[in-house]
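Secondary and tertiary structure notes
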Amino acid sequence: MSFRYIFNKMKNYITISDIKNLQQTISEALRLKKENTAAGLGRGKTLGMLFFNPSLRTRLSTEKAAKLLGMEVMMMNVDKDGWTLEFEDGAVMNSNKAEHIKDAAAVLSQYCDIIAVRAFPGLENRDKDEEDLVINSFKKYATVPVVNLESATGHPLQALTDALTITELQNVKRPKVVLTWAPHPRALPQSVPNSFVEVMQRMEVDLVITNPPGYDLNPAVRKNTEVTHNQDEALKNADFVYVKNWSSYESYGTILSEDKSWTFSEQKLKLTNNAKIMHCLPVRRNVVIDDAVLDSSNSVVIQQAKNRTFAAQAVLKMLLEEKRDF
Ligand code: CP
């Protein structure tokens, strides 16, 4: 058995904390991007992907990653095509919920070697969303590894991609990375910024979060990360700017501001150290980020989207290796 497997074992990929050695995982993803050295690892194995919500990048990049490893892929839009699931233990199931997660996850484990799930938060009840009931129930009742394709509180595949993209592009040892809130007409989850902050806290970067008052992220996620409500100040000398909207955590799930002065514009870009501009996509053009920035050479959003495949490939590879007998 090689040391690589000892130090980077992974049973599930639910949060960034499931990655034991981040640098090693990033290096693995970069190696796979250069050369697919694991093409046969997944032969005879099946990835099952369950979507309770829409997706473009996560769905297709994870399918591509699995196929690059030689896996078969099965996909289901559970919200449209599946039985309505009951998640409460001990529920008396005499309402509209036809199948208990206990049975569904056990059955799916007979068909799949890895189960991947996307389930967004309701954004109405903070305590309930923080339980992350859907992904954690799959983790509890499946007998195979579970991968988070974006849950109520996190999007760890996106965050690993973002760490990979910054590693590829950084030209200073310790870049300044700014996560900035931007306006959006709909209330969005905190999943992407949560996981981005969690992964950046483990990188050799100077991380600053900037958002309007009332939009501070969960203190358990922010920890000691600097937060300022002055966007222009935060952007000074930034090497990377991650632009993202999220709804309020304090006034949970609400839109407190649509202040257009927070839209990421050419003028904002000029405040930075010619920063690379990041966004997970999909992006509302000229609301979140202006065309002039998205269509400029500073934008790396397409490179980020491309890297989704290699981050997913590294994660699936580690899960397949975990199950392999050495
Ligand atoms: N960034 C991201 O997760 O994109 P999708 O919602 O299209 O999967």
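Anyway, here's the lowdown on the structure attached to this text. Source: prediction; values computed, not measured.

Another point: the overall build of the protein. Tallying secondary structure elements over the protein gives 14 helices and eleven strands in all. For 326 residues, the compact-globule estimate of 2.2 N^0.38 gives 20 Å, and the C-alpha radius of gyration of the protein, at 20 Å, lies within 12% of that figure. Dimensions of the protein, computed from the C-alpha atoms along their principal axes, are close to 55 × 50 × 35 Å. Per-residue burial for the protein yields a buried fraction of 56% across its 326 residues. Sequence-distant contacts, at least 24 apart, represent 77% of the contacts inside the protein between residues at least 6 apart. As displayed, the protein offers around 14800 Å² of accessible surface, 49% of which is attributable to carbon and sulfur atoms. Side-chain charges of the protein comprise 41 positive and 40 negative groups, with the mean position of each set lying 6 Å from the other.

The element strand S5 (residues 114-118) is extensively covered by neighbouring structure, given that five of its five residues are classed as buried. Burial of the side chains of S5 extends over both faces: Ile 114, Ala 116 and Arg 118 are buried on one face and Ile 115 and Val 117 on the other. As defined by bridge partners, strand S1 (residues 46-51) adjoins S5 across five bridges and the pair is classed as parallel. Counterpart to Leu 47 in the pairing with S5 is Ile 114.

What follows deals with the site of the ligand. Every residue close to the ligand is listed here: Ser 55, Leu 56, Arg 57, Thr 58, Arg 118, His 155, Gln 158, Cys 280, Leu 281 and Arg 308. Taking Thr 58, its side chain carries an N or O atom lying 2.7 Å from an oxygen atom of the ligand. At 3.0 Å from a nitrogen atom of the ligand is found a main-chain nitrogen or oxygen belonging to Cys 280. Bound to the protein, the ligand loses 93% of the 250 Å² it would expose on its own. One can see that the ligand is located within the largest pocket. Counting contributing residues per domain, the shell around the ligand is built from domain 1 (3-154 + 308-325) and domain 2 (156-305), each supplying no fewer than three.

One pass over the structure, following the stated rule, counts 16 salt bridges. Notably, a salt bridge pairs Arg 118 with Glu 150, separated by 3.4 Å at the nearest N-O pair. Placement of the pair is Arg 118 in strand S5 and Glu 150 in the loop between strand S6 (146-148) and helix H8 (156-169), with a sequence separation of 32 residues. By relative accessible area, which is 5% here, Arg 118 ends up buried. By relative accessible area, which is 8% here, Glu 150 ends up buried. Where Asp 232 meets Lys 268, a salt bridge forms, and the shortest distance between an N and an O atom there is 2.8 Å. Here the residue Asp 232 occupies a position in helix H11 (residues 231-235), and Lys 268 occupies one in helix H12 (residues 266-270), the gap between them amounting to 36 residues.

Conventions adopted
- Residues numbered from 1 in each chain as written.
- Predicted model: local features only at pLDDT ≥ 70, side-chain atom pairs only at ≥ 80, totals over all residues.
- Heavy atoms only, no water.
- Helix = DSSP H or I, 4+ residues; strand = E, 2+ residues; numbered from the N terminus.
- Rg over C-alpha atoms; globule rule 2.2 N^0.38 Å.
- Buried < 20%, exposed > 50% of the residue type's maximum accessible area, 1.4 Å probe, protein only.
- Contact = heavy atoms within 4.5 Å.
- Areas by Shrake-Rupley, 256 points an atom, 1.4 Å probe, with all protein chains shown as cover.
- Lys, Arg positive; Asp, Glu negative; His and termini not counted.
- Charge placed at Lys NZ, Arg CZ, Asp CG, Glu CD.
- Pairing = 2+ DSSP bridges.
- Near = heavy atom within 4 Å.
- Polar contact = N/O pair within 3.5 Å; in protein donor to acceptor, adjacent residues only side chain to side chain.
- 1 Å grid on protein atoms, 1.4 Å probe; cavity = no way out; pocket = protein on both sides within 12 Å on 5 of 7 lines; lining within 4 Å.
- Sits in = over half its atoms within 2 Å of the grid points.
- Domains from an automatic or database assignment.
- Salt bridge = Lys/Arg side-chain N within 4 Å of Asp/Glu carboxyl O.

Honestly, that's just the spatial picture; any functional story needs more than this.
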